[in-house]
Every structure is written in C-alpha cells, then in structure tokens.
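Residue strings, one per chain:
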Amino acid sequence: MRRLYKQWAVLSLLTALLVTGCSSGGSKTEGTAPAAGNAGGTAAAVKNQLNIGITNPPLMFNPIDSDGSGSSGAVFAYRYFFDSLVKTVGPLDFKMMLAESFDTKDDQTFSIAINPNANWTDGKPVTAYDVEFTLNLIANPATITTQRSAIFALDGLNEKGMLPEGQEKLSSVKVIDDKHLEIKTASPVDPNLIYERFSDVLIVPKHVLENVDPAQLNQNPFWRNPNVTSGAYKFVKYENKAYVELAANADYYRGAPKIEKVFIKIMPAANIVAQLQSGELDMNAAQGTGNIPAAEWKTVKTFANLKTSEEQTRRYNSIEINTERFPDKKVRQALAYAIDRQMIVDQLMPEAGELQDGPYANSHPYHDKNVKSYGYDPEKAKQLLAEAGFDMKKQIELIVPTGDRTREMAGNIIQQNLQAIGLKVKQTNYDFPTTVSYLIKGEFDLTLSSFGSIMDPDGPATVYRSTAALNDMRFKNARVDELFNLGMKETDKDTRFKLYSELQNLIQEEVPLITIYSEFNLMALSKDVQGKGGVVDGMHYDVNEWSR
C-alpha cells in the first residue's frame, strides 16, 4: 500500500534527489535541525550540509518491514545508509550498487558479484553471505516483512512467497565465495523484472542480526540505532518526530560524499514551503512524504532561490475499504458513486493532479483507458445502498492521515459527500504511523491513503492478492489471484495486457478501494545544490556526488 513509485521522466539533479517509494502520510509535529549544524540561520550558509523537508515521522529504520518503520518517512531516510544490489534509475535502466555485476547465467539463473570494495561501516566486508541472509530473512514465515513481493520469483517459495514449513533456507540462493553467489528463479523470467524488484531489497548485516529471532526482528533495537550500514551516509541519530541526522561515510565504496551532513527535517507541509522560501530547507522530499501542497505550487515556482519541476507519478490516493466490515460490493460501489472525485481534482490540485481510475496509475503502460469508472452519481449511490439493505444509522469512521494538506482537504470533501447521501460519517485524523497500525490490525472502516506500482504490471499484486502483505482491505477474490498468476507466466505482450485489463476491471467491479486522484510530484531544490543529474527513479543513486 504505502510504497511510493515514480513516473519515469528524465530530469535534472532535482529529480535525482526525490523519494521513492511507498505512500504518504504526515505528522502533527514540526522539527528543526539543531542550531549547531546551521549557525548561519539558512541552509545556503552551510556549505557542507543539506537540509531536506519531509512530513512523515519514522518509527524506526527497518528496510525488511517498511510498514513497521513508519513507511515512507523511514524509506526516504534509510536509503541513505542501506544499499541494494542494483538500482532502478529509469524505465528498464538499472545501475549496479553493492553488486559489481548481476548477470544472467541462463534463463533462470543469475550470477552476482559483490563490489570488492563494499564494506560495512564497522570495517567488515559486505559479502554474499549478507545477501543470502537478507533473502532468507525475507522468506522466513516468522519474519514480519513488506518485501516478499520483491523475491517472489525465487525458486523454493510457497504460494505466499515464504519458505515451506520445515525448510530453513532457500536452495535457490547459492553462495560461491565471500563475494559471489547465484540465485535461481522458479521459472524463466524477464531479467528486468528481477532487477526492478531487487532494487527494493536493501541488504542488512548478517554479523549483526544473525542471532536475532526472526519473529522478533522488527522489535530489535538495532533498527532505532542502525550503526552498521553500507550506504553513502552513516546514521547519527533520530530526534523523535523532529529530524534524522546523517553524516558522510568517508569510506563509501562508490566514493566519499562531498556533502558532510544531511538533516531530514520532519514538519507539516506548510512549514516545508515556508522553509524552502527562507532557505532553511534545500529541498522537499516530494512524493507524498514531502510533497508541496498543490494549492501553493504556483507560489513556490516564483521563489527565486529554487529550481522546480513537476511530473506525473505512478502513485495515487485512494479510500481503502475494510471488506470484512463492508462485505457487500453494492455498498462499496455506492461509496464510490457518492464521491465527487472530479471536484476534488479541480478544486484542490488545479494543474497539479488528475483523476485516477483503477489499480494502475494513468501513467502506467498497462493502464486500461477504458477501465470501469465511477462517476459522481449520488442517486445511484442511494439506490445501491437501498438494494443492499444497508443500515443507514450505522456510524462509519473515515481515517485521514495528517501532514498532507491536499489529502486532508480531500478527506473533508469525501466526508461531506458521504453525509450528503444520508450516511453517518465521522472523520478521525491520525499521524501516518498510527494510521498504519490501524490498517495492519484491520481496525478501520475507511482510510484515505496512497498506493503505487512498479513498472511491471504485477506490482499491484502486493496489494490485491488474497495473501498480499499490503492487503489491508482484507480483499479476497480467487479470480484476481488467478489473473496475477497467469499474467506473471505470460510472455506475449498483447495477451498479457488482456489479462491485466480483465484484472483491473474486476478489481474496479469489486471496489476493495476507491481510487480518487493522482497528485503530480512537485519538486523544489535550492539553486545552490549541484550534482551529476539523473531521474526520479534513481533517487539516492548519486547522493555521494551532490555538492553545493
């Protein structure tokens, strides 16, 4: 659910500095980096420091379980200090990170060589055993993880993407020596899909975590003080709901960072705008976790100290419906018809967003332009509720995460729309980590949140499969599961598109969630910051080359 993925427009360094990943949310708390790191009062006065604004407070920094870490705020931060084997930097464009090479040996076997200079910050080498450990940790049924979809293709996993009962290790992961290993898939697969999925697998240190019970992994204190890492920056400290402080890793295997300090400051979106103008921030994280409010975008573009850019994304905001509490699809369809989605787009994000229909964002190559859509029809909504015999006296809770002003205002409109057809709707606001906790436990009626998809059309399987880790809606549909399975096995592009077209129309018919809008990625970066350039999907790839 809460992963954030980006549209593939090639841009300047600005876009290389923006977040990937999962979802959006917010915090009621404003934070400020310590004055000692910014004696001049503005970021521009500190040549060795970068200040970045986000809205989501992390809980911890566990790349195995991003939901437990507080999702997008944590994802943005921990990619500075944990590296993956390979990094997606554009559509079907991948760069090596911890892997010096990642090659196909045959149509099911991949040979991986770890960069010989890659070390953990405690001086120990990053090895093939660390990769093996990470993959087995994700596959372990006892591990709480959001990453199983990333390793789905490996041989030896059951239908839930886990190790079968009684099996302790993946036989499809074979260590050759300290710096070499092989992985094998269950069936022939497009190498690009493996590369894209493995971009999300951040390798963790075996020698630190190997004695931890997988069932207790996400509670381990290491995730609150990750002091053994592999990335361009070292974790220094997290001042709760205020800022994350990072320091350059002088021994980084891809070259020591040119900027010595990074402060990721947590604050409401309105404060991000104010501090971008004042120079207290160098950039916003964008993509929900630090996106600029659409209503203020025209103003931000006039700030003389900033470079700005906007683009479509593969992320969209939706209302998740707890299908266990609303089992009748007529009721779910009624909720969809009751919401004036076009008004939300027109009023809240003029020239900065678009209407979204279905599980594939409009910019996704597998989006069916003729997918079933729910126009604003309150009378149809009332009719369906009557046919379903819905108890109109029942109180419905709508959870709206704080921190994203556009989403908060959308929540108000949605509440009013549902009340207008006679429903009793109470809106509750929580910060993002609290919202996630209710979603995971299934303790919600309706929740406004965001979704995204990778380039491969199997991406939404992480949300809509009956067994998916991010299926907070408790949605179960055998045909949906079957279509995902068929789509993964199909190699003919046209046939595959037909399968995914049926899939998205079926999901729209069943309405486990209501897609509302896709807000453009709105990015601002100080003109004082320079770098090698890149694309949105390459976030964090060249951070060691940033300078000012």
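Residues numbered from 1 in each chain as written. Predicted model: local features only at pLDDT ≥ 70, side-chain atom pairs only at ≥ 80, totals over all residues. Heavy atoms only, no water.

S.K.: Break down the layout of surface pockets for me, citing the residues and quoting the values.
M.R.: Its boundaries defined by the atoms lining it, the second largest pocket holds a volume of some 230 Å³. Along its surface, the second largest pocket is lined by E132, F133, N136, L137, N140, E168, K169, K206, E210, V212 and P214. For the lining of the second largest pocket, the element with the most residues is helix α3 (residues 128-139), which contributes four residues. Residue composition of the lining of the second largest pocket, grouped by class: four nonpolar, two polar and five charged. (1 Å grid on protein atoms, 1.4 Å probe; cavity = no way out; pocket = protein on both sides within 12 Å on 5 of 7 lines; lining within 4 Å. Points joined across faces, edges and corners; volume = space filled by probe spheres on them. Helix = DSSP H or I, 4+ residues; strand = E, 2+ residues; numbered from the N terminus. Nonpolar A, V, L, I, M, F, W, Y, C, P; charged D, E, K, R; others polar.)

S.K.: Give me the lowdown on the nonpolar core, citing residues and values where you can.
M.R.: Side chains of a nonpolar character, in soluble globular proteins, are inclined to be buried together. Within the largest apolar cluster, 101 residues are counted, with the highest numbers of intra-cluster contacts made by Y80, L85, F102, I183 and Y464. Examining the composition of this core, we find that seven residues originate from one element, α3, more than from any other. One finds I292, I344, Y374 and A410 within the second-largest nonpolar core, a separate group that totals 50 residues. (Core = buried A, V, L, I, M, F, W, Y, C linked by side-chain atoms within 4.5 Å. Buried < 20%, exposed > 50% of the residue type's maximum accessible area, 1.4 Å probe, protein only.)

S.K.: I'd love a proper account of the sheet that holds strand β7 (residues 173-177), names of residues and values included.
M.R.: Here we have four strands laid out as an open sheet, ordered β5-β6-β8-β7, and antiparallel in their pairing. A single partner strand is all that each edge strand has here, and the edge strands are β5 (99-104) and β7. Between one strand and the next, the sheet's axes are offset by a mean angle of 20°, whatever the strand orientation. Judged from the five bridges that link them, strand β6 (residues 109-114) and strand β8 (residues 180-184) form a sheet pairing that is antiparallel. (Pairing = 2+ DSSP bridges. Axes fitted to C-alpha atoms, helices over the stretch in contact; angles between N-to-C directions.)

S.K.: Hey, could you go over the pattern of salt bridges for me, with residue numbers and the actual values?
M.R.: Scanning the entire structure with this criterion turns up 22 salt bridges. A salt bridge links E310 to K301; the nearest nitrogen and oxygen atoms lie 3.5 Å apart. Taking relative accessible area as the criterion, K301 reaches 41% and is therefore assigned partly exposed. Residue E509 pairs with K372 through a salt bridge whose shortest N-O separation is 3.9 Å. Remark: K372 occurs in the loop between β15 (353-355) and α10 (378-388) and E509 occurs in helix α15 (residues 493-510); sequence separation between them is 137 residues. The class of E509 is partly exposed, set by a relative accessible area of 27%. (Salt bridge = Lys/Arg side-chain N within 4 Å of Asp/Glu carboxyl O.)

S.K.: Please provide a residue-by-residue account of the sheet that holds strand β17 (residues 424-430), values included.
M.R.: The strand order across the open sheet formed by six strands is β15-β19-β14-β18-β16-β17, and the pairing between neighbours is mixed. The open sheet is flanked by β15 and β17, the only strands paired with a single partner. Mean inter-strand twist for the sheet, computed between neighbouring axes without regard to direction, equals 30°. Sheet topology note: the strand β16 (residues 395-401)/strand β18 (residues 446-452) ladder contains two bridges and is parallel. In the strand pairing of β18, I399 is matched with T447.

The values reported here are purely geometric and, on their own, carry no functional implication.
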